[in-house]
Amino acid sequence: MLHFPREPFLICLCGVYAAAFASIRTQIRGLYGEDGIEPVDVFLRSVKRSYAGSRDASTLEWIVNRFPTLVWLHEPLQWTPSFCMEVICLVGATVSVLGVVRPAWRTAGPLALLWFCYLSIVQCGQTFMQFQWDSFLLEVGVLAVLLAPWWQPHRKTDDTFETPAAAIWTLRFLFFKFMLMSGAVKIQSRCPTWLGLTALDFHFASQPLPLPLAWYALQAPPIINRLAVAVTCKGYISRRKDNDSHAEVRDSSSGVGMEHISDAPGCHESSFIEQSRILRLHVVGSVHNDGSG
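Here the structure is a predicted model, which means the values were calculated and not measured. (Residues numbered from 1 in each chain as written. Predicted model: local features only at pLDDT ≥ 70, side-chain atom pairs only at ≥ 80, totals over all residues. Heavy atoms only, no water.)

### Considerations on the packing of aromatic side chains
Selection criterion: Note on aromatic pairs: the rings of Phe, Tyr and Trp (six-membered ring only in Trp) are paired at centre separations within 6.5 Å, and the planes decide the class, stacked below 30 degrees, edge-to-face beyond 60, tilted for the rest. For each residue, the accessible area found with a 1.4 Å probe, counting protein chains only, is set against the maximum for its type, and the residue is called buried under 20%, exposed over 50%, and partly exposed in between. Placement of a charge over a ring requires the Lys NZ or Arg CZ to be within 6 Å of the ring centre, with the centre-to-atom vector within 35 degrees of the ring normal.
Within this structure, the stated rule accounts for eleven aromatic pairs. Aromatic pair phenylalanine 131 and tryptophan 133: ring centres 5.0 Å apart, planes at 10°, arrangement stacked. For tryptophan 133, a relative accessible area of 57% translates into the label exposed. Grouping aromatic residues by their ring pairs yields a cluster made of Tyr17, Phe21 and Tyr118. Across from the ring centre of tryptophan 169, 4.6 Å away, lies the NZ or CZ of arginine 172, which sits over that ring.

Listed below in structure tokens is the structure:
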């Protein structure tokens, strides 16, 4: 048996669940509604068509074995699939907040409900829910069910609990795997920007939603960005490429320095779209400088 700070861990996990459900809830109509980017009703119909030859299609056993998600409840409840996803997010967010503030909601039952609610969203999330952090949250969620108490004792207990060593070491291995694969996937992609430690030279401009501080981070000395990329990859990058393809471009009117990113085949970040985002952020920065001057 090992000592493990179970209560702080479960509180933090419930907080992550709450943020995840609340964030997804605000995007469901635009992403999965009838007029969304990837309508979930069309997706579920395609799932059914793929198993059209199965006699037990749409039965409970088929749903559990083939495509487990609570979104199937939209049929008996006569809801739209997107509305059902919104309700699942609201339930998940509510249970998560209760888990943060009340110990009784940090037991195995509520945590299992949170895990299945998030799995239900990921199953129907298609392109927008297939990221590394979605899988990671589901993996941690399973282990949290094993780590959590089955019921809340009436007496007040200490913040540190004795937990089976197997569960703790499994959680540690999961964290190790996450960090290892985060670095390995960048190297295995053979993207010149990661191998050359230049990814952060334009990441702050090409990220999906640049924050107000992104423009200032983009102006950081190149050596800072190189070191940050090396730390991100956890030392697995063994070689660096020459950065001759990056030519300095400076706006003579504003004096704001930018690096022109040459096209690197096979690397998404160096595409024309990403360069356009850089130029757009550069223009915004120039206007900001002119206004402040």
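Past the structure itself, the notes keep going.
### Re the nonpolar core
Counted only if it meets this: Throughout, nonpolar core names a set of buried Ala, Val, Leu, Ile, Met, Phe, Trp, Tyr and Cys residues whose side chains join them through atoms within 4.5 Å. Runs of H or I in DSSP of at least four residues are treated as helices and runs of E of at least two as strands, each being numbered from the N terminus. Here, residues are in contact when the closest pair of their heavy atoms is within 4.5 Å.
Formed by 49 residues in total, the largest nonpolar core has its most connected members in Phe9, Phe21, Met85, Leu111 and Tyr118. Mapped onto this core, the elements with two or more residues apiece are α1 (6–25), α2 (28–32), α3 (40–50), α4 (60–66), α6 (81–101), α7 (108–125), α8 (132–147) and α9 (165–188). For this core, the element with the most residues is α7, which contributes nine residues. For tyrosine 118, the residues in contact, after removing those within four places along its chain, are Tyr17, Ala20, Phe21, Ile24, Met129, Asp134, Leu137 and Leu138. Counting ten residues, the second largest nonpolar core, distinct from the first, contains Trp194, Leu200, Phe204 and Ala205.

### With respect to the packing of α8 against α9
How we decide: In this analysis an axis means a line fitted to C-alpha atoms, helices contributing only their contacting stretch, and an angle means the value between N-to-C directions, from 0 to 180 degrees. Should an angle lie under 35 degrees it is considered roughly parallel, over 145 roughly antiparallel, and from 65 to 115 roughly perpendicular; all remaining angles are considered oblique. When residue character is reported, Ala, Val, Leu, Ile, Met, Phe, Trp, Tyr, Cys and Pro are called nonpolar, Asp, Glu, Lys and Arg charged, and the others, Gly included, polar.
Two elements in contact, α8 and α9, have axes whose closest approach is 10 Å; the angle formed by their N-to-C orientations is 170°. Between α8 and α9, the crossing angle belongs to the class labelled roughly antiparallel. Every residue of α9 that contacts α8 at Gln132, Phe136, Glu139, Val140, Leu143 and Leu147 is listed here: Ala167, Ile168, Thr170, Leu171, Leu174, Phe175, Lys177, Phe178, Met181 and Ser182. A breakdown of the residues in the contact of α8 with α9 according to their chemical character gives eleven nonpolar, three polar and two charged.

### A closer look at the pattern of salt bridges
Our working definition: Basic side-chain nitrogens of Lys or Arg form a salt bridge, by our definition, when they fall within 4 Å of a carboxyl oxygen of Asp or Glu.
Applying the stated rule across the entire model yields seven salt bridges. We note a salt bridge from aspartate 41 to arginine 45, for which the minimum N-O separation is 3.9 Å. You can see aspartate 41 and its partner arginine 45 sitting in helix α3, four residues apart, about one turn around the helix. When its relative accessible area of 45% is taken as the criterion, arginine 45 is described as partly exposed. Note that arginine 226 is salt-bridged to aspartate 201, the shortest N-O span being 2.7 Å. With arginine 226 in helix α13 (residues 222–232) and aspartate 201 in helix α11 (residues 200–206), this pair connects stretches of sequence that are 25 residues apart.

### Focus: α9
Selection criterion: In a helix, the anticipated span is given by 1.5 Å times the number of residues less one.
With 24 residues, α9 should cover 34 Å at 1.5 Å per step; its first-to-last C-alpha distance of 33 Å lies within 8% of that length. Among all positions in α9, only Ala167, Ile168, Leu171, Leu174, Ser182, Gly183, Ala184 and Lys186 are buried. Of the residues trailing α9, arginine 190 is marked for its positive phi of about 55°.

### Some thoughts on the confidence of the model for the protein chain
Put simply, the test is: For every residue, the predictor assigns a confidence score, pLDDT, that lies between 0 and 100.
Predicted confidence across the protein chain gives a mean pLDDT of 75, with 71% of residues reaching 70 or more. Contacts for the low-pLDDT stretch residues 235–266, under 50 throughout, to residues beyond four places or in other chains number 64 contacts. Note that residues 268–293 has pLDDT below 50 and, in this model, 38 contacts with residues that lie over four places away or in other chains.

### Describing the environment of phenylalanine 136
Inspection of the secondary structure assignment puts phenylalanine 136 in helix α8. Judged by relative accessible area, phenylalanine 136 falls into the buried class, the value being 18%. Distance from phenylalanine 136 to leucine 174, taken between C-alpha atoms, is 8.5 Å for residues 38 residues apart in sequence. In this structure, phenylalanine 136 is in contact with Leu174, Phe175 and Phe178, ignoring residues within four places of it in sequence.

### Things to note about a nonpolar patch on the surface
Our working definition: Each patch groups residues whose relative accessible area exceeds 30% and which form no salt bridge, using 9 Å between like charges and 5 Å between nonpolar side chains of Val, Leu, Ile, Met, Phe, Trp and Tyr. Shrake-Rupley sampling with a 1.4 Å probe provides the accessible areas, and residues are treated as covered by the protein chains on show and by no other component.
A cluster of nonpolar side chains, Ile11, Val97, Val100 and Val101, forms an exposed patch at the surface whose accessible area comes to about 290 Å². Among the elements that make up the nonpolar patch, the one with the highest residue count is α6 (three residues). Summarising the element assignment, valine 101 is placed in helix α6.

### A closer look at unusual backbone geometry
In most cases, non-glycine residues show a negative phi, while peptide bonds are predominantly trans. Despite not being glycine, glutamine 126 shows a phi value in the positive range, around 55°. Tracing the sequence through the fold places glutamine 126 in the loop between α7 and α8. Within the chain, leucine 197 stands out as a residue other than glycine whose phi angle is a positive 60°. Relative to the elements of secondary structure, leucine 197 occurs in the loop between α10 (192–195) and α11.

### Here's the deal with the environment of valine 91
Structurally, the position occupied by valine 91 is in helix α6. When its relative accessible area of 36% is taken as the criterion, valine 91 is described as partly exposed. Separated by 23 residues in the primary sequence, valine 91 and leucine 114 have C-alpha atoms spaced 8.6 Å apart.

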